[in-house]
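Close look at the chain arrangement
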Amino acid sequence: MPDIPFSLNDIVEMKKPHPCGENRWKIIRMGADIRIKCQGCGHSVMLPRREFRKKIKKVLESEKNA
């Protein structure tokens, strides 16, 4: 699977939806770990970069294109 490019403030779709039912997440921190925030309920989750790359499905909205 090719590497999906992503950057800070992008809205991404993950393979599994959040328990609140929303599947849109905003990247709010990048480093060794990635912090994403659910756009439905506002809950944030921190994932190691490697795990995030496995779980991301696609970028819905990019900060670069806005």
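This text follows the structure it describes.
Residues numbered from 1 in each chain as written. Predicted model: local features only at pLDDT ≥ 70, side-chain atom pairs only at ≥ 80, totals over all residues. Heavy atoms only, no water.

**Concerning the overall build of the protein**
Counting secondary structure elements, the protein contains 1 helix and 5 strands. If you list the helices and strands of the protein from N to C, you get β-β-β-β-α-β. For the protein, the C-alpha radius of gyration of 11 Å lies close to 11 Å, the compact-globule estimate for 66 residues. The principal-axis extents of the C-alpha atoms in the protein amount to approximately 30 × 25 × 20 Å. Taking all 66 residues of the protein together, the buried fraction comes to 26%. Long-range contacts, defined as pairs at least 24 residues apart, comprise 38% of the intrachain contacts of the protein with a sequence gap of at least 6. Summing over all exposed atoms, the protein offers an accessible surface of approximately 4,400 Å²; the carbon and sulfur share of this is 49%. (Helix = DSSP H or I, 4+ residues; strand = E, 2+ residues; numbered from the N terminus. Rg over C-alpha atoms; globule rule 2.2 N^0.38 Å. Buried < 20%, exposed > 50% of the residue type's maximum accessible area, 1.4 Å probe, protein only. Contact = heavy atoms within 4.5 Å. Areas by Shrake-Rupley, 256 points an atom, 1.4 Å probe, with all protein chains shown as cover.)

**What about the packing of aromatic side chains?**
In total, this model carries 1 aromatic pair according to the counting rule given. Each ring, one from F6 and one from F52, has its centre 4.9 Å from the other, and the planes form 70 degrees; the classification is edge-to-face. Of this pair, F6 sits in the segment before β1 (11-14) while F52 sits in helix α1 (residues 49-55), and the two are 46 residues apart along the sequence. For the residue pair F6 and F52, the accessibility class agrees, reading buried in each case. (Phe/Tyr/Trp six-rings, centres within 6.5 Å; stacked < 30°, edge-to-face > 60°.)

**Notes on the nonpolar core**
Grouped together as the largest cluster of nonpolar side chains are 11 residues: F6, V12, M14, W25, I27, I34, I36, C38, L47, F52 and I56. Of all the secondary structure elements, the ones that give two or more residues to this core are β1, β2 (24-29) and β3 (33-38). Examining the composition of this core, we find that 3 residues originate from one element, β3, more than from any other. Once residues lying within four places of it in the same chain are set aside, the contact partners of L47 are M14, D33, I34, I36 and F52. (Core = buried A, V, L, I, M, F, W, Y, C linked by side-chain atoms within 4.5 Å.)

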